[in-house]
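Working through the structure, step by step
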Amino acid sequence: MSRKDEKKKQRRVPIRLNILFFIVFLLFSVLILQLGVVQILNGEAYQKEIDRTIKDRTKIPVPRGKIYDRNQTLIVDNKSLYSITYTPPKGVQARDRLKVAKELSKYITMYDANDPEDKKKKIKTITERDRKEYWFLLGKNKKNEKLVNKRLTKKEKEELDHGEQYKLMLERITEEEIAQLTEKDEDIILIKKELDKAYSLTPQIVKNEGVTPTEYALVAEHLDELPGINATTDWDREYPLDDTLKNLLGSITTEKRGIPKEKVQHYLAKGYSRNDRVGISGLEEQYEDVLRGRKEQIEYTTDKKGNIIDAKTVVEGKRGKDLVLTIDIEYQERLVKVVQKHLKNAINHSSANRFLEDAIAIAMDPKTGEILALTGQHYNRKTGKFESHDYKVLYDAHRPGSAIKGATVLAGFQSGVATPGQQFFDTPIKIAGTPVKKSVNNMGWVNDLEALRRSSNVYMFNIAMRMGGEYHYSPNKNIKFNPASLQEIRNYFSQFGLGVKTGVDYPYEATGYKGSNPPNLLDYSIGQYDTYTAIQLVQYISTIANGGYRMKPHFVKEIHEPIARDDDELGPVYKNHHPEVLNRVQMKDEWIERVQQGLRLVYSSGTASRFFSNKPYNPAGKTGTAENEVHDEITGQKLGDTNNLVLVGYAPFDEPEIAFAVIVPNLGAIRGQYPISNQIGQGILDEYFDLKKSREQGTISETGEDEE
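Presented here is an overview of the structure given in this document.

Thresholds applied
Residues numbered from 1 in each chain as written. Predicted model: local features only at pLDDT ≥ 70, side-chain atom pairs only at ≥ 80, totals over all residues. Heavy atoms only, no water. Helix = DSSP H or I, 4+ residues; strand = E, 2+ residues; numbered from the N terminus. Rg over C-alpha atoms; globule rule 2.2 N^0.38 Å. Contact = heavy atoms within 4.5 Å. Areas by Shrake-Rupley, 256 points an atom, 1.4 Å probe, with all protein chains shown as cover. Lys, Arg positive; Asp, Glu negative; His and termini not counted. Charge placed at Lys NZ, Arg CZ, Asp CG, Glu CD. Core = buried A, V, L, I, M, F, W, Y, C linked by side-chain atoms within 4.5 Å. Buried < 20%, exposed > 50% of the residue type's maximum accessible area, 1.4 Å probe, protein only. Axes fitted to C-alpha atoms, helices over the stretch in contact; angles between N-to-C directions. Parallel < 35°, antiparallel > 145°, perpendicular 65-115°, else oblique. Left-handed = near helix turned anticlockwise from the far one by under 90°. Nonpolar A, V, L, I, M, F, W, Y, C, P; charged D, E, K, R; others polar. Pairing = 2+ DSSP bridges. Salt bridge = Lys/Arg side-chain N within 4 Å of Asp/Glu carboxyl O. Patch = residues over 30% accessible without salt bridge, like charges linked within 9 Å, V, L, I, M, F, W, Y side chains within 5 Å. Phe/Tyr/Trp six-rings, centres within 6.5 Å; stacked < 30°, edge-to-face > 60°.

**Some remarks on the overall build of the chain**
- Each helix and strand in the chain was counted, giving 26 helices and 22 strands.
- For the chain, whose C-alpha radius of gyration is 39 Å, the value lies well above the compact-globule estimate of 27 Å for 708 residues.
- In terms of overall dimensions, the chain has a C-alpha envelope of 165 × 65 × 55 Å along the principal axes.
- For the chain, the proportion of contacts with a sequence separation of at least 24, taken over those separated by at least 6, is 71%.
- In the structure as shown, the chain presents an accessible area of about 36,200 Å², 49% of it carried by carbon and sulfur atoms.
- Within the chain, the 102 negative side-chain charges are centred at a point lying 8 Å from the centre of the 105 positive side-chain charges.

**Describing the nonpolar core**
- Ranked by internal contacts, the top residues of the largest apolar core, which has 86 residues, are Leu-374, Leu-537, Tyr-540 and Phe-555.
- Beyond its immediate chain neighbours, meaning those up to four positions away, Phe-555 contacts Leu-248, Leu-283, Val-324, Leu-325, Thr-326, Ile-327, Ile-371, Leu-374, Leu-394, Val-504, Asp-505 and Tyr-506.
- Listed in part, the 37 residues of the second largest apolar core include Leu-152, Ile-173, Ile-178 and Ala-198.

**Observations regarding the packing of helix H18 (residues 405-415) against helix H20 (residues 457-467)**
- The N-to-C vectors of H18 and H20 enclose an angle of 40°; their axes lie 10 Å apart at closest approach. In terms of axis orientation, H18 runs oblique to H20. At the point where H18 passes H20, the crossing takes the left-handed sense. Taking contact as the criterion, the partners of Lys-405, Thr-408, Val-409, Ala-411, Gly-412 and Ser-415 in H18 are, on H20, Asn-457, Met-460, Ile-463 and Met-467.
- Its residues assigned to classes, the contact of H18 with H20 comprises five nonpolar, four polar and one charged.

**Quick notes on H18**
- Most of H18 sits inside the fold, with nine of its eleven residues counted as buried.
- For H18, the set of buried residues is Lys-405, Gly-406, Ala-407, Thr-408, Val-409, Leu-410, Ala-411, Gly-412 and Phe-413.
- The first or second residue beyond H18 is Gly-416, which carries a positive phi of 85°.

**Here's the deal with the sheet that holds strand S9 (residues 358-364)**
- Strand order in this open sheet of six strands is S11-S10-S9-S22-S21-S20, and the pairing throughout is antiparallel. With one partner strand each, in any of the chains shown, strand S11 (385-388) and strand S20 (620-631) form the two edges of the open sheet. Averaged over neighbouring strand pairs, the angle between their axes works out to 15° when direction is ignored.
- Pairing of S9 with strand S10 (residues 371-380), which is carried by seven bridges, proceeds in the antiparallel orientation. Residue Ile-362 lies in a different strand from S10, and its bridge partner there is Leu-374.
- Strand contacts of helix H16 (residues 329-349): S9, S10, S11 and strand S22 (658-667), with the helix running at about 35° to S10, the strand carrying the most contacts.

**A look at the pattern of salt bridges**
- Tallied over the full model, the rule gives 43 salt bridges.
- Notably, a salt bridge pairs Glu-330 with Arg-695, separated by 3.2 Å at the nearest N-O pair. Separated by 365 residues along the polypeptide, Glu-330 in helix H16 and Arg-695 in helix H26 (residues 676-703) bring together distant segments of the chain.
- Residue classification places Glu-330 among the partly exposed positions, given a relative accessible area of 38%.
- Between Arg-453 and Glu-450 there is a salt bridge whose closest N-O contact spans 2.8 Å. Linking Arg-453 with Glu-450, this pair stays in helix H19 (residues 448-454), spanning three residues, or about one helical turn.
- The class for Glu-450 is partly exposed, based on a relative accessible area of 25%.

**Quick word on the environment of Thr-212**
- Here Thr-212 lies in the loop between strand S4 (204-207) and helix H11 (213-221).
- Taking the relative accessible area as the measure of exposure, Thr-212 reaches 34% and is therefore partly exposed.
- Taking C-alpha positions, Thr-212 is 9.9 Å from Leu-81, a pair spaced 131 residues apart along the chain.

**Points about a nonpolar patch on the surface**
- Side chains of Leu-20, Val-24, Phe-28, Leu-31 and Ile-32 sit close together on the surface and give an oily, nonpolar patch of about 470 Å² of accessible area.
- By the secondary structure assignment, Leu-31 is in helix H1 (residues 3-41).

**Here we look at the packing of aromatic side chains**
- Across all of its chains, the model carries 17 aromatic pairs by this definition.
- Note on Tyr-331 and Tyr-688: the rings are 5.8 Å apart at their centroids and 70° apart in plane angle, and the pair reads as edge-to-face. With Tyr-331 in helix H16 and Tyr-688 in helix H26, this residue pair connects regions lying 357 residues apart in the sequence. Neither residue differs from the other here; Tyr-331 and Tyr-688 are each classed as buried.
- Arranged with centres 4.7 Å apart and planes meeting at 10°, the rings of Tyr-617 and Phe-689 form a pair that is stacked. Residue Tyr-617 is found in the loop between helix H25 (609-612) and S20, and its partner Phe-689 is found in helix H26; the two are separated by 72 residues along the sequence.
- According to the relative accessible area criterion, Phe-689 is buried, its value standing at 17%.
- Every member of this aromatic cluster is reached through a ring pair, and the members are Tyr-331, Tyr-617, Tyr-688 and Phe-689.

This is the structure:
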């Protein structure tokens, strides 16, 4: 090559380099321009995406309101418990929970370590699926998962979705493989089962029963190693008076059960979480809305990965409102002793009382409807011990016998088939094709007052026959009844609360049995047909005592706001439950006064005079005896004939402040029977006025002078 050609070649190299540099320059210019666009035009948007966080609120349950009696004696309290909780962040996976469970198992056990039986019981709750799911998660780099995944065929992997594949893989884990799990593994599984129940950003109680101070301290010390775990305090219901009124007060669900499945949507719509404890019976259920309190609300800030980067309280929690009941606990305890004493006496009185097991009683202020005390005592013949079934006052309905004759007389007055002072001749009534119907004794001519005092059945039969359209009874002949007459007399009775709901503030109350056969109108008129509960009977007698005003019975007197410090003091009144008149019976005042006089005669010189004639508190009321039958609860086979003894009353006659009802079902023959209903009724009034007197004297002795 010549020197000239070499020079030309050398000149072409710099030109090519310059072109290359220029191209590179252009590329860098485009890149810089694009970066500028990103930074200047879209920079803010991209920065927001980088910094994007999510805010979520979670609600923390608070203790329920407390329950007091009318004199501010604490009946239901909350006791503090050590509690270990788990609040998972968003996006937490099964292996994350397993890791936490392994760490937590170093510091706690889910059973009492000193109780082998408790340990055995808890281990039994671990199912085969629990063990397989745990084994599936073990091994580094998903070793066990990969191993069992190979047991799926190619076709199964193609046709099944992830959930179905997972289920199939669990099925193909062998018994030999899960048999390798140790006791330590079982401890971890028990903890993991609780962690698995947690919803993201919602505290889940891992353990709140039997947490020892050592466990609590160890967990608190190692919280930085336990993401989502907290050592805090929880609460549980406590009953300072043990079982007193416990089944009437009701119960709440456990945190593990949470809101009842059958009412999930109802509670979720009201802001509950699935693991919240709620009242499911009694007053706990009736007053759930006020007892529940206001949850503490915490706002969590999480990044895109679900990590919690901030948490703050946005709504302060406030425990539930407190209930002050109308119940007088001291009087309640006296009432229980009275009922137990006489129930035991009656059971021991005669072998004929072999079916006798229950005695039911209730006392109420007739002017306000405040329930002062109530009990349903059941004698367990197998254990020889008493059991409190207080709910039977509202649930169990029985034939009341002559106790309701006051309502029959007033129905006769209101319907116009009888008038005050009118007489009927008390002699046995014989209707064709039916047994003879009569009073205990042939009484001859009796008016309404004597009919109540001596408890004339025939007087009531005459009212019933006339209401049914029969004014000209003749022995041994058929009687025709207007089919509507049975409902008519029921309508009169319902004005007093008989056969209808009383309106008591409780989730459930029975209304009793109602027959449908008009010829039984005669039996109905003397309390031998329809059945009533004790609370219906006390409302009935209270309505008469109260001059015809039917008051709504209630258990709660006041609702109070909670106070900041957690002691036994009551906060400001949130709501007063004032007396509520349900209806005024549509009868003349003089008619009601006439029946009141008859009821006073019953206690002063009539069927109950042996127990009440000399009492200084001037009581009034009515006795009752009703025929009954006992049947086998399973087969329905009749076991025997029995009798109910019933008593209703009030005192003082001229200014009533207490009314009561007593039902004692399934006694034996009445002749020579232990007078249990009268004995209990006497005890109810004696204890009430004795307690009232002692309190008044106590007030005078403390102050040194009469308040008046």
